[in-house]
Amino acid sequence: MEPVASIVGAPTSRARAKKYFIETFGCQMNVLDSERAGAQLRRCGYQWTSDIEEADLILLNTCAVRERPAEKALVRVSEIRRRKKPGAIIGIMGCVAQAEGRRLIERAPDVRLIVGTQAVGHLAALVTKVEGSDEAVVDVRAPNRPAFDRLAPEERRQRHVAYVTIIEGCDKFCTFCIVPFTRGRERSRAPEEILAELQALAAAGYKEVHLLGQNVNSYGRSRRIEGRRMGFAELLELLAARSGIPRIKFTTSHPRDFDERIVRAIERWPQLCPWVHLPPQSGSDRVLAAMNRGYTAEEYLQKVALIHGASRDISLTGDVIVGFPGETDEDFRQTVRLVEQAQFDGLYIFKYSPRPRTVAARWVDTVPETVKTERLMELVEIQREVQRRRWQRYLGKTIDVLVEGRSAKSEKHWSGHTPCHKVVNFESSMENLEGLIVKVEVTKINPHSLFGRHVESREGSTM
Ligand code: SAH
Ligand code: SF4
Ligand code: F3S
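Per chain, the residues get numbers from 1 upward, laid out in the order the sequence is written. Chains and ligands are labelled sequentially in the order written, the chains with letters from A and the ligands with numbers from 1. Per-residue local features of the predicted model are confined to residues with pLDDT of at least 70, and side-chain atom pairs are confined, for both listing and counting, to 80 or more; whole-chain, interface and lining totals are unaffected and use all residues. Remark: hydrogens and water are excluded; side-chain values derive from all non-hydrogen atoms of the structure.

(A) The sheet that holds strand S7 (residues 161-165), seen in detail. When DSSP finds two or more bridges between a pair of strands, those strands are recorded as paired. Helix numbers and strand numbers start at the N terminus; a helix is a DSSP run of H or I with at least 4 residues, a strand a run of E with at least 2. A sheet is described by the order of its strands in space; here three strands give the open sequence S7-S10-S11, paired in parallel fashion. Taken across any chain shown, the strands that pair with only one partner, and hence form the sheet edges, are S7 and strand S11 (247-251). Here the average twist between neighbouring strands, direction ignored, is 25°. Looking at chain direction, strand S10 (residues 208-212) and S11 are connected through five bridges and run parallel. Its bridge partner lying in S11, Glu-208 is registered against Arg-247. For every element, the axis is a line fit to its C-alpha atoms; helices are fit only across the contacting stretch, and the angle between N-to-C directions ranges from 0 to 180 degrees.

Laid out in C-alpha coordinates, this is it:
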(Lines give C-alpha, C1' and ligand atoms only; values in the text may rest on other atoms or scores of the structure.)
(Ligands and ions follow the chains in the order given, each with its own letter.)
Protein backbone atom coordinates (compact mmCIF):
# COMPACT_ATOMS: atom_id res chain seq x y z
CA MET A 1 0.00 0.00 0.00
CA GLU A 2 1.31 3.43 -0.97
CA PRO A 3 1.47 5.91 1.91
CA VAL A 4 -1.24 8.50 1.49
CA ALA A 5 0.69 11.08 3.42
CA SER A 6 2.23 13.97 1.63
CA ILE A 7 5.98 14.03 2.02
CA VAL A 8 6.55 16.95 4.33
CA GLY A 9 9.93 18.56 3.80
CA ALA A 10 11.03 15.97 1.25
CA PRO A 11 13.75 16.93 -1.21
CA THR A 12 12.49 17.98 -4.62
CA SER A 13 14.69 15.49 -6.45
CA ARG A 14 12.81 12.20 -6.04
CA ALA A 15 15.65 10.25 -7.63
CA ARG A 16 17.97 10.95 -4.72
CA ALA A 17 15.46 10.38 -1.91
CA LYS A 18 16.41 7.58 0.43
CA LYS A 19 13.92 4.82 1.02
CA TYR A 20 12.62 3.15 4.15
CA PHE A 21 10.85 -0.15 4.79
CA ILE A 22 9.03 -1.04 8.05
CA GLU A 23 7.77 -4.47 9.06
CA THR A 24 5.27 -4.42 11.93
CA PHE A 25 4.43 -7.15 14.46
CA GLY A 26 2.17 -7.07 17.54
CA CYS A 27 -0.77 -4.94 18.53
CA GLN A 28 -2.37 -1.78 17.14
CA MET A 29 -0.03 0.32 19.27
CA ASN A 30 2.82 -0.94 17.15
CA VAL A 31 0.85 -0.27 13.98
CA LEU A 32 0.40 3.32 15.15
CA ASP A 33 4.08 3.57 16.15
CA SER A 34 5.05 2.43 12.65
CA GLU A 35 2.88 5.20 11.21
CA ARG A 36 4.54 7.70 13.55
CA ALA A 37 7.97 6.40 12.53
CA GLY A 38 7.09 6.69 8.83
CA ALA A 39 5.87 10.26 9.32
CA GLN A 40 9.18 11.17 11.02
CA LEU A 41 11.20 9.61 8.23
CA ARG A 42 9.24 11.31 5.45
CA ARG A 43 9.76 14.63 7.24
CA CYS A 44 13.49 14.14 6.91
CA GLY A 45 13.36 13.21 3.24
CA TYR A 46 12.89 9.44 3.19
CA GLN A 47 10.33 7.79 0.94
CA TRP A 48 8.42 4.61 1.72
CA THR A 49 9.12 1.45 -0.27
CA SER A 50 7.45 -1.95 -0.21
CA ASP A 51 10.64 -3.54 -1.59
CA ILE A 52 13.09 -4.46 1.12
CA GLU A 53 15.89 -4.82 -1.46
CA GLU A 54 15.84 -1.16 -2.45
CA ALA A 55 15.48 0.22 1.11
CA ASP A 56 18.27 2.31 2.68
CA LEU A 57 16.71 1.89 6.12
CA ILE A 58 14.90 -1.27 7.27
CA LEU A 59 13.01 -1.20 10.56
CA LEU A 60 11.49 -4.19 12.36
CA ASN A 61 8.79 -3.07 14.78
CA THR A 62 8.67 -5.95 17.26
CA CYS A 63 6.30 -7.47 19.83
CA ALA A 64 7.51 -9.14 23.02
CA VAL A 65 4.28 -10.56 24.34
CA ARG A 66 4.73 -14.21 23.41
CA GLU A 67 7.33 -16.94 22.89
CA ARG A 68 10.96 -16.24 22.10
CA PRO A 69 10.44 -12.78 20.63
CA ALA A 70 14.11 -11.74 20.57
CA GLU A 71 15.07 -14.95 18.76
CA LYS A 72 12.32 -14.41 16.19
CA ALA A 73 13.46 -10.85 15.58
CA LEU A 74 17.07 -11.99 15.13
CA VAL A 75 16.09 -14.74 12.68
CA ARG A 76 14.29 -12.07 10.66
CA VAL A 77 17.40 -9.86 10.83
CA SER A 78 19.54 -12.63 9.34
CA GLU A 79 17.03 -13.09 6.49
CA ILE A 80 17.02 -9.36 5.81
CA ARG A 81 20.81 -9.16 5.92
CA ARG A 82 21.00 -11.49 2.93
CA ARG A 83 18.51 -9.46 0.89
CA LYS A 84 19.32 -5.87 1.77
CA LYS A 85 21.43 -3.66 -0.46
CA PRO A 86 25.00 -2.91 0.69
CA GLY A 87 25.15 -0.13 3.26
CA ALA A 88 21.45 -0.30 4.15
CA ILE A 89 20.83 0.23 7.87
CA ILE A 90 18.85 -2.35 9.88
CA GLY A 91 17.06 -1.10 12.99
CA ILE A 92 14.85 -2.76 15.63
CA MET A 93 12.06 -0.82 17.30
CA GLY A 94 9.07 -1.77 19.48
CA CYS A 95 8.74 -3.86 22.60
CA VAL A 96 11.68 -6.25 21.97
CA ALA A 97 13.92 -3.21 21.41
CA GLN A 98 12.70 -1.74 24.71
CA ALA A 99 13.12 -5.01 26.64
CA GLU A 100 16.47 -6.11 25.18
CA GLY A 101 18.20 -2.83 24.25
CA ARG A 102 21.90 -3.12 23.44
CA ARG A 103 21.88 -6.92 23.91
CA LEU A 104 20.34 -7.19 20.44
CA ILE A 105 23.41 -5.54 18.92
CA GLU A 106 25.71 -7.87 20.84
CA ARG A 107 23.83 -10.81 19.31
CA ALA A 108 23.43 -9.32 15.83
CA PRO A 109 26.15 -6.79 14.99
CA ASP A 110 24.39 -5.96 11.70
CA VAL A 111 21.73 -4.17 13.69
CA ARG A 112 22.82 -0.55 13.93
CA LEU A 113 19.79 1.13 15.45
CA ILE A 114 17.67 0.28 18.52
CA VAL A 115 14.59 2.44 19.07
CA GLY A 116 12.62 1.77 22.27
CA THR A 117 8.88 2.35 22.61
CA GLN A 118 9.36 5.89 23.97
CA ALA A 119 11.92 6.97 21.38
CA VAL A 120 9.70 6.79 18.28
CA GLY A 121 9.12 10.56 18.43
CA HIS A 122 12.91 11.04 18.18
CA LEU A 123 13.46 8.67 15.27
CA ALA A 124 14.51 11.35 12.76
CA ALA A 125 17.37 12.51 15.04
CA LEU A 126 18.41 8.91 15.77
CA VAL A 127 18.55 8.08 12.06
CA THR A 128 20.64 11.19 11.31
CA LYS A 129 22.99 10.14 14.08
CA VAL A 130 23.41 6.58 12.87
CA GLU A 131 23.90 7.72 9.26
CA GLY A 132 26.82 9.87 10.30
CA SER A 133 28.54 7.29 12.47
CA ASP A 134 30.03 3.82 12.40
CA GLU A 135 28.74 3.18 15.91
CA ALA A 136 25.35 1.67 16.69
CA VAL A 137 22.74 4.04 18.13
CA VAL A 138 20.53 2.88 21.02
CA ASP A 139 17.65 4.84 22.60
CA VAL A 140 15.68 2.92 25.20
CA ARG A 141 14.74 5.80 27.47
CA ALA A 142 12.51 4.85 30.40
CA PRO A 143 8.96 4.05 29.32
CA ASN A 144 7.29 6.30 31.90
CA ARG A 145 7.20 9.71 30.31
CA PRO A 146 3.77 11.27 29.84
CA ALA A 147 4.59 12.28 26.25
CA PHE A 148 1.92 11.86 23.58
CA ASP A 149 2.43 13.26 20.13
CA ARG A 150 -0.25 13.97 17.60
CA LEU A 151 -0.04 12.51 14.12
CA ALA A 152 -1.59 14.84 11.54
CA PRO A 153 -4.21 13.22 9.27
CA GLU A 154 -2.01 13.70 6.18
CA GLU A 155 0.85 11.88 7.89
CA ARG A 156 -1.10 8.65 8.28
CA ARG A 157 -0.97 5.73 5.92
CA GLN A 158 -4.56 4.57 6.20
CA ARG A 159 -7.09 7.00 4.79
CA HIS A 160 -10.32 6.00 6.49
CA VAL A 161 -9.43 4.29 9.76
CA ALA A 162 -7.13 5.91 12.33
CA TYR A 163 -5.58 4.65 15.55
CA VAL A 164 -5.38 7.13 18.42
CA THR A 165 -3.69 6.37 21.74
CA ILE A 166 -5.66 7.56 24.78
CA ILE A 167 -3.68 5.81 27.51
CA GLU A 168 -0.13 4.44 27.43
CA GLY A 169 1.42 1.76 29.62
CA CYS A 170 -0.20 -0.51 32.19
CA ASP A 171 -0.21 -0.70 36.00
CA LYS A 172 -1.98 -4.05 36.32
CA PHE A 173 1.10 -6.29 36.38
CA CYS A 174 -0.65 -9.52 35.44
CA THR A 175 1.93 -12.12 36.45
CA PHE A 176 2.36 -13.45 32.89
CA CYS A 177 2.66 -10.16 31.04
CA ILE A 178 5.67 -8.19 29.84
CA VAL A 179 3.76 -5.09 28.73
CA PRO A 180 4.21 -3.07 31.97
CA PHE A 181 7.97 -3.48 31.41
CA THR A 182 7.98 -2.49 27.74
CA ARG A 183 5.37 0.29 27.86
CA GLY A 184 5.83 1.56 31.42
CA ARG A 185 3.37 3.02 33.91
CA GLU A 186 -0.09 4.16 32.95
CA ARG A 187 -0.34 7.67 31.53
CA SER A 188 -3.68 9.09 30.32
CA ARG A 189 -3.80 11.67 27.60
CA ALA A 190 -5.72 14.93 28.07
CA PRO A 191 -9.32 14.70 26.81
CA GLU A 192 -9.11 18.04 24.95
CA GLU A 193 -6.04 16.76 23.11
CA ILE A 194 -7.82 13.53 22.08
CA LEU A 195 -10.92 15.47 21.00
CA ALA A 196 -8.82 17.85 18.90
CA GLU A 197 -7.07 14.94 17.18
CA LEU A 198 -10.40 13.26 16.36
CA GLN A 199 -11.90 16.52 15.09
CA ALA A 200 -8.92 16.98 12.76
CA LEU A 201 -9.37 13.40 11.53
CA ALA A 202 -13.11 13.97 10.95
CA ALA A 203 -12.35 17.14 8.99
CA ALA A 204 -9.93 15.13 6.84
CA GLY A 205 -12.67 12.60 6.05
CA TYR A 206 -11.78 9.75 8.45
CA LYS A 207 -14.76 7.51 9.15
CA GLU A 208 -13.48 5.32 11.96
CA VAL A 209 -11.16 5.81 14.93
CA HIS A 210 -9.83 3.12 17.25
CA LEU A 211 -9.04 4.46 20.71
CA LEU A 212 -6.03 2.51 21.94
CA GLY A 213 -4.68 1.50 25.32
CA GLN A 214 -3.61 -1.67 27.11
CA ASN A 215 -6.49 -0.98 29.43
CA VAL A 216 -8.72 1.77 28.07
CA ASN A 217 -11.18 1.37 30.96
CA SER A 218 -8.73 2.80 33.46
CA TYR A 219 -8.45 5.96 31.38
CA GLY A 220 -8.18 9.00 33.63
CA ARG A 221 -7.37 7.05 36.78
CA SER A 222 -3.64 7.46 36.66
CA ARG A 223 -2.13 10.45 38.39
CA ARG A 224 -0.06 11.09 35.31
CA ILE A 225 -2.98 12.48 33.36
CA GLU A 226 -2.27 15.71 31.51
CA GLY A 227 -4.91 18.38 32.26
CA ARG A 228 -8.47 17.66 33.43
CA ARG A 229 -9.52 14.29 34.86
CA MET A 230 -12.27 12.32 33.17
CA GLY A 231 -13.33 8.66 33.25
CA PHE A 232 -13.47 6.43 30.18
CA ALA A 233 -17.26 6.40 29.75
CA GLU A 234 -17.30 10.20 29.99
CA LEU A 235 -14.52 10.42 27.40
CA LEU A 236 -16.51 8.13 25.07
CA GLU A 237 -19.57 10.35 25.36
CA LEU A 238 -17.54 13.50 24.76
CA LEU A 239 -15.98 12.03 21.61
CA ALA A 240 -19.31 10.65 20.35
CA ALA A 241 -20.99 14.02 20.84
CA ARG A 242 -18.30 16.35 19.57
CA SER A 243 -15.67 14.66 17.43
CA GLY A 244 -17.66 14.25 14.20
CA ILE A 245 -16.21 10.74 13.70
CA PRO A 246 -19.05 8.41 12.64
CA ARG A 247 -17.55 5.21 14.09
CA ILE A 248 -15.55 5.00 17.32
CA LYS A 249 -14.07 1.68 18.46
CA PHE A 250 -11.86 1.04 21.48
CA THR A 251 -9.50 -1.67 22.65
CA THR A 252 -8.51 -3.31 25.05
CA SER A 253 -11.02 -3.44 27.91
CA HIS A 254 -10.04 -4.94 31.26
CA PRO A 255 -12.72 -6.90 33.14
CA ARG A 256 -11.78 -5.36 36.48
CA ASP A 257 -12.33 -1.79 35.29
CA PHE A 258 -15.09 -2.32 32.71
CA ASP A 259 -18.38 -0.99 34.05
CA GLU A 260 -22.02 -0.44 33.26
CA ARG A 261 -21.51 3.21 32.27
CA ILE A 262 -19.63 2.05 29.18
CA VAL A 263 -22.56 -0.17 28.12
CA ARG A 264 -24.98 2.72 28.71
CA ALA A 265 -22.80 5.01 26.58
CA ILE A 266 -22.81 2.47 23.72
CA GLU A 267 -26.60 2.18 24.00
CA ARG A 268 -27.00 5.92 23.84
CA TRP A 269 -24.57 6.90 21.08
CA PRO A 270 -24.76 5.22 17.65
CA GLN A 271 -21.24 6.54 16.95
CA LEU A 272 -19.87 4.19 19.64
CA CYS A 273 -19.42 0.84 17.93
CA PRO A 274 -21.07 -2.18 19.59
CA TRP A 275 -17.93 -4.21 20.11
CA VAL A 276 -16.11 -4.95 23.38
CA HIS A 277 -12.82 -6.86 23.54
CA LEU A 278 -12.79 -8.11 27.14
CA PRO A 279 -10.17 -10.83 27.68
CA PRO A 280 -11.01 -13.24 30.54
CA GLN A 281 -7.63 -15.11 30.31
CA SER A 282 -9.02 -18.02 32.39
CA GLY A 283 -12.26 -19.37 33.85
CA SER A 284 -10.65 -20.71 37.04
CA ASP A 285 -10.66 -18.46 40.11
CA ARG A 286 -7.48 -20.09 41.35
CA VAL A 287 -5.67 -19.34 38.09
CA LEU A 288 -7.17 -15.85 37.83
CA ALA A 289 -5.82 -15.08 41.32
CA ALA A 290 -2.38 -16.44 40.40
CA MET A 291 -2.49 -14.29 37.26
CA ASN A 292 -3.30 -11.23 39.44
CA ARG A 293 -6.27 -10.38 37.22
CA GLY A 294 -8.36 -8.96 40.08
CA TYR A 295 -11.70 -10.64 39.32
CA THR A 296 -13.37 -14.03 39.61
CA ALA A 297 -15.04 -16.00 36.80
CA GLU A 298 -18.42 -15.05 38.27
CA GLU A 299 -17.54 -11.34 38.27
CA TYR A 300 -16.36 -11.67 34.68
CA LEU A 301 -19.65 -13.27 33.67
CA GLN A 302 -21.57 -10.47 35.38
CA LYS A 303 -19.83 -7.96 33.08
CA VAL A 304 -20.64 -10.20 30.14
CA ALA A 305 -24.31 -10.24 31.21
CA LEU A 306 -24.30 -6.42 31.09
CA ILE A 307 -22.97 -6.58 27.54
CA HIS A 308 -25.35 -9.28 26.29
CA GLY A 309 -28.27 -7.63 28.10
CA ALA A 310 -27.78 -4.27 26.35
CA SER A 311 -30.45 -2.81 24.11
CA ARG A 312 -27.98 -2.88 21.18
CA ASP A 313 -26.44 -6.14 19.99
CA ILE A 314 -22.90 -5.75 21.31
CA SER A 315 -20.28 -8.13 19.97
CA LEU A 316 -17.98 -9.65 22.61
CA THR A 317 -14.45 -10.90 21.91
CA GLY A 318 -11.68 -12.05 24.23
CA ASP A 319 -8.30 -13.68 24.85
CA VAL A 320 -7.58 -16.84 26.84
CA ILE A 321 -4.27 -18.33 27.98
CA VAL A 322 -4.03 -22.12 28.40
CA GLY A 323 -1.33 -23.91 30.36
CA PHE A 324 -0.58 -21.18 32.91
CA PRO A 325 1.77 -22.58 35.65
CA GLY A 326 -0.26 -24.83 37.94
CA GLU A 327 -3.31 -25.04 35.65
CA THR A 328 -4.93 -28.42 36.36
CA ASP A 329 -7.45 -30.33 34.25
CA GLU A 330 -10.18 -29.03 36.54
CA ASP A 331 -8.97 -25.41 36.10
CA PHE A 332 -9.06 -25.93 32.37
CA ARG A 333 -12.60 -27.41 32.53
CA GLN A 334 -13.66 -24.17 34.26
CA THR A 335 -12.17 -22.19 31.37
CA VAL A 336 -14.15 -24.36 28.96
CA ARG A 337 -17.31 -23.63 30.95
CA LEU A 338 -16.62 -19.90 30.93
CA VAL A 339 -16.06 -19.92 27.17
CA GLU A 340 -19.34 -21.77 26.65
CA GLN A 341 -21.21 -19.38 28.91
CA ALA A 342 -19.72 -16.11 27.69
CA GLN A 343 -20.65 -16.74 24.03
CA PHE A 344 -17.84 -14.86 22.34
CA ASP A 345 -18.09 -13.64 18.77
CA GLY A 346 -14.35 -14.21 18.54
CA LEU A 347 -11.66 -15.58 20.84
CA TYR A 348 -7.86 -15.58 20.65
CA ILE A 349 -6.38 -18.57 22.47
CA PHE A 350 -2.71 -18.61 23.47
CA LYS A 351 -0.41 -21.19 25.05
CA TYR A 352 1.30 -19.74 28.09
CA SER A 353 4.98 -18.94 27.67
CA PRO A 354 7.20 -17.39 30.36
CA ARG A 355 8.26 -13.79 29.78
CA PRO A 356 11.43 -12.39 31.36
CA ARG A 357 11.02 -10.13 34.43
CA THR A 358 7.42 -11.24 35.06
CA VAL A 359 6.42 -12.91 38.34
CA ALA A 360 5.13 -16.10 36.69
CA ALA A 361 8.48 -16.62 34.97
CA ARG A 362 9.89 -17.49 38.42
CA TRP A 363 7.38 -20.34 38.76
CA VAL A 364 7.83 -23.76 37.27
CA ASP A 365 6.13 -24.01 33.89
CA THR A 366 4.26 -27.16 35.02
CA VAL A 367 2.00 -27.87 32.08
CA PRO A 368 3.75 -29.96 29.40
CA GLU A 369 3.75 -28.57 25.87
CA THR A 370 1.62 -31.48 24.59
CA VAL A 371 -1.06 -30.75 27.21
CA LYS A 372 -1.00 -27.04 26.34
CA THR A 373 -1.54 -27.98 22.70
CA GLU A 374 -4.41 -30.36 23.54
CA ARG A 375 -6.14 -27.72 25.65
CA LEU A 376 -5.68 -25.13 22.94
CA MET A 377 -7.14 -27.44 20.28
CA GLU A 378 -10.11 -28.34 22.46
CA LEU A 379 -10.94 -24.69 23.10
CA VAL A 380 -10.50 -23.83 19.43
CA GLU A 381 -13.09 -26.50 18.55
CA ILE A 382 -15.55 -25.32 21.20
CA GLN A 383 -15.22 -21.71 20.14
CA ARG A 384 -15.59 -22.65 16.47
CA GLU A 385 -19.00 -24.14 17.23
CA VAL A 386 -20.07 -21.22 19.50
CA GLN A 387 -19.05 -18.80 16.77
CA ARG A 388 -20.78 -20.71 13.98
CA ARG A 389 -24.04 -20.63 15.91
CA ARG A 390 -23.75 -17.03 17.10
CA TRP A 391 -22.89 -15.59 13.73
CA GLN A 392 -26.13 -16.99 12.23
CA ARG A 393 -27.86 -13.92 13.65
CA TYR A 394 -26.30 -11.85 10.88
CA LEU A 395 -27.76 -13.91 8.05
CA GLY A 396 -30.26 -11.84 6.04
CA LYS A 397 -29.45 -8.68 8.02
CA THR A 398 -28.41 -5.45 6.34
CA ILE A 399 -25.32 -4.02 7.99
CA ASP A 400 -23.26 -0.84 7.59
CA VAL A 401 -19.82 -1.62 6.20
CA LEU A 402 -16.91 0.82 6.02
CA VAL A 403 -15.28 -0.16 2.73
CA GLU A 404 -11.51 -0.36 3.09
CA GLY A 405 -10.65 -1.65 -0.39
CA ARG A 406 -10.84 -4.65 -2.68
CA SER A 407 -11.03 -8.07 -1.02
CA ALA A 408 -7.66 -9.78 -0.49
CA LYS A 409 -9.00 -12.98 -2.03
CA SER A 410 -10.84 -11.64 -5.06
CA GLU A 411 -10.43 -8.41 -7.04
CA LYS A 412 -14.13 -8.69 -7.92
CA HIS A 413 -15.25 -8.16 -4.33
CA TRP A 414 -15.04 -5.29 -1.89
CA SER A 415 -14.01 -5.67 1.74
CA GLY A 416 -14.55 -3.76 4.95
CA HIS A 417 -15.58 -3.98 8.59
CA THR A 418 -18.90 -3.78 10.38
CA PRO A 419 -19.36 -1.59 13.47
CA CYS A 420 -19.05 -4.84 15.49
CA HIS A 421 -15.65 -5.33 13.82
CA LYS A 422 -16.32 -8.29 11.56
CA VAL A 423 -14.80 -8.52 8.13
CA VAL A 424 -17.37 -8.42 5.34
CA ASN A 425 -16.59 -9.21 1.71
CA PHE A 426 -19.29 -8.30 -0.76
CA GLU A 427 -20.34 -7.90 -4.35
CA SER A 428 -21.32 -4.59 -5.90
CA SER A 429 -21.85 -3.27 -9.39
CA MET A 430 -20.47 0.12 -8.38
CA GLU A 431 -17.08 1.31 -9.58
CA ASN A 432 -15.46 2.74 -6.48
CA LEU A 433 -16.71 2.35 -2.96
CA GLU A 434 -13.49 2.80 -1.02
CA GLY A 435 -13.91 4.93 2.09
CA LEU A 436 -17.71 4.89 2.00
CA ILE A 437 -20.02 3.41 4.60
CA VAL A 438 -22.43 1.26 2.59
CA LYS A 439 -25.27 -1.12 3.35
CA VAL A 440 -24.58 -4.79 2.78
CA GLU A 441 -27.08 -7.62 3.05
CA VAL A 442 -25.39 -10.67 4.57
CA THR A 443 -25.99 -13.75 2.40
CA LYS A 444 -23.38 -16.17 3.73
CA ILE A 445 -21.51 -16.84 6.98
CA ASN A 446 -17.90 -18.00 6.66
CA PRO A 447 -15.89 -19.17 9.70
CA HIS A 448 -14.07 -15.83 10.08
CA SER A 449 -15.91 -13.40 7.85
CA LEU A 450 -19.30 -12.49 6.44
CA PHE A 451 -20.23 -12.37 2.76
CA GLY A 452 -22.97 -10.29 1.18
CA ARG A 453 -24.22 -7.96 -1.51
CA HIS A 454 -24.38 -4.21 -1.65
CA VAL A 455 -27.87 -2.81 -1.21
CA GLU A 456 -28.45 0.80 -2.01
CA SER A 457 -31.94 1.55 -0.78
CA ARG A 458 -32.53 -0.19 2.55
CA GLU A 459 -31.84 0.99 6.05
CA GLY A 460 -28.71 -0.55 7.60
CA SER A 461 -28.17 -1.65 11.14
CA THR A 462 -25.35 -0.49 13.37
CA MET A 463 -24.43 -4.00 14.51
N1 SAH B 1 -3.93 -5.50 27.80
C2 SAH B 1 -4.54 -6.66 27.33
C3 SAH B 1 -3.60 -7.69 26.79
C4 SAH B 1 -2.35 -7.35 26.09
S5 SAH B 1 -1.37 -8.71 25.58
C6 SAH B 1 -5.31 -7.30 28.48
O7 SAH B 1 -5.10 -7.01 29.62
O8 SAH B 1 -6.12 -8.15 28.22
C9 SAH B 1 -2.46 -9.59 24.48
C10 SAH B 1 -2.76 -10.98 24.91
O11 SAH B 1 -1.59 -11.78 24.85
C12 SAH B 1 -3.25 -11.13 26.33
O13 SAH B 1 -4.59 -10.87 26.47
C14 SAH B 1 -2.90 -12.56 26.66
O15 SAH B 1 -3.97 -13.42 26.38
C16 SAH B 1 -1.72 -12.88 25.74
N17 SAH B 1 -0.48 -13.01 26.52
C18 SAH B 1 0.17 -12.05 27.20
N19 SAH B 1 1.26 -12.56 27.82
C20 SAH B 1 1.31 -13.88 27.51
C21 SAH B 1 2.17 -14.95 27.86
N22 SAH B 1 3.21 -14.77 28.66
N23 SAH B 1 1.91 -16.18 27.35
C24 SAH B 1 0.84 -16.37 26.54
N25 SAH B 1 -0.01 -15.40 26.19
C26 SAH B 1 0.20 -14.17 26.67
FE1 SF4 C 1 -0.61 -7.10 30.42
FE2 SF4 C 1 -2.40 -7.40 32.30
FE3 SF4 C 1 -1.63 -4.96 31.60
FE4 SF4 C 1 -3.11 -6.42 29.92
S5 SF4 C 1 -3.74 -5.65 31.94
S6 SF4 C 1 -1.27 -5.24 29.42
S7 SF4 C 1 -2.38 -8.48 30.32
S8 SF4 C 1 -0.36 -6.49 32.59
FE1 F3S D 1 3.30 -6.70 21.77
FE2 F3S D 1 4.22 -4.50 22.80
FE3 F3S D 1 1.77 -4.56 21.81
S4 F3S D 1 4.58 -6.53 23.58
S5 F3S D 1 1.15 -6.66 22.18
S6 F3S D 1 3.63 -4.82 20.66
S7 F3S D 1 2.45 -3.43 23.59
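That was the structure; now back to the text.
(B) Structural view of helix H8 (residues 232-242). Exposure is judged per residue with a 1.4 Å probe applied to protein chains only, and the accessible area is read against the type maximum: over 50% gives exposed, under 20% gives buried, and values in between give partly exposed. Along H8, the positions that sit buried rather than exposed are Phe-232, Ala-233, Leu-235, Leu-236, Leu-238, Leu-239 and Ala-240. In this analysis, two residues are considered to be in contact whenever any of their non-hydrogen atoms come within 4.5 Å of each other. For H8, the secondary structure elements touched by its buried residues are helix H7 (191-203), S10, S11 and helix H9 (260-268). Just downstream of H8 lies Gly-244, where phi reads positive at about 85°.

(C) Structural view of the site of ligand 1. For each residue, the test is whether any non-hydrogen atom lies within 4 Å of the molecule or strand; if one does, the residue is near. Taken together, 15 residues form the shell around ligand 1, and within it Arg-66, Gln-214, Gln-281, Asp-319 and Ser-353 come nearest. Two N or O atoms form a polar contact when they lie within 3.5 Å of each other; inside protein one atom must be a possible hydrogen donor and the other a possible acceptor, and for residues adjacent in sequence the pair counts only when both atoms belong to side chains. Within the contact set of ligand 1, a nitrogen atom lies 3.0 Å away from a backbone nitrogen or oxygen of Phe-176. Here an oxygen atom of ligand 1 sits 2.6 Å away from a polar atom, N or O, in the side chain of Asp-319. For every accessible area listed, the method is Shrake-Rupley and the probe measures 1.4 Å; residues are considered covered only by the protein chains on display. Look at ligand 1: alone it shows 540 Å² of surface, and the protein chains cover 91% of it. Elements supplying a minimum of two residues to the shell around ligand 1: strand S13 (315-322) and strand S14 (346-351). Broken down by class, the residue content of the shell around ligand 1 amounts to six nonpolar, four polar and five charged. There are two domains that each give the shell around ligand 1 at least three residues, and those are domain 2 (143-273) and domain 3 (282-295 + 303-394). Note that Gly is not counted as nonpolar here; it falls among the polar residues with everything else outside the nonpolar set of Ala, Val, Leu, Ile, Met, Phe, Trp, Tyr, Cys and Pro and the charged set of Asp, Glu, Lys and Arg. Throughout, the edges of the domains are those of an automatic or database domain assignment.

(D) Region of the structure containing the site of ligand 2. Taken together, Cys-170, Lys-172, Phe-173, Cys-174, Phe-176, Cys-177, Val-179, Pro-180, Gln-214, His-254 and Arg-293 make up the full set of residues adjacent to ligand 2. Taken together, the residues of the shell around ligand 2 break down into seven nonpolar, two polar and two charged.

(E) Quick peek at the environment of Leu-376. With respect to the secondary-structure elements, Leu-376 resides in helix H13 (residues 369-391). Residues Leu-376 and Asn-144 lie 232 residues apart in sequence; the distance between their C-alpha atoms is 35 Å. Leaving out residues up to four positions away in the same chain, Leu-376 has contacts with Val-322, Ile-349, Phe-350 and Lys-351.

(F) Fine view of the domain arrangement of the chain. Looking at the assigned domains, one finds that the chain contains domain 1 (3-139), domain 2 (143-273), domain 3 (282-295 + 303-394) and domain 4 (395-457). Taking only C-alpha atoms, the centre of domain 1 and the centre of domain 2 are 26 Å apart. In this complex, domain 1 contributes 26 residues to the contact, which on the side of domain 2 involves 25 residues. Across the domain 1/domain 2 interface, buried area totals approximately 2300 Å², and carbon plus sulfur atoms make up 56% of it. Think of a salt bridge as a Lys or Arg side-chain nitrogen and an Asp or Glu carboxyl oxygen that are within 4 Å of each other. Where domain 1 touches domain 2, the interface holds three salt bridges. When two parts are brought into contact, each loses some accessible area as probed by a 1.4 Å sphere; the total of that loss over both is the buried area.

(G) Quick look at unusual backbone geometry. Of note, the bond from Thr-251 into Thr-252 is cis; its omega dihedral lies within 30 degrees of zero at 5°. Following the sequence through the fold, Thr-252 ends up in the loop between S11 and H9. With phi around 55°, Gln-343 is a residue other than glycine that occupies positive phi space. Although it is not a glycine, His-421 adopts a positive phi angle of roughly 70°. Relative to the assigned elements, His-421 resides in the loop between strand S16 (414-417) and strand S17 (423-427). Residue class for His-421 comes out partly exposed when judged on its relative accessible area of 26%.

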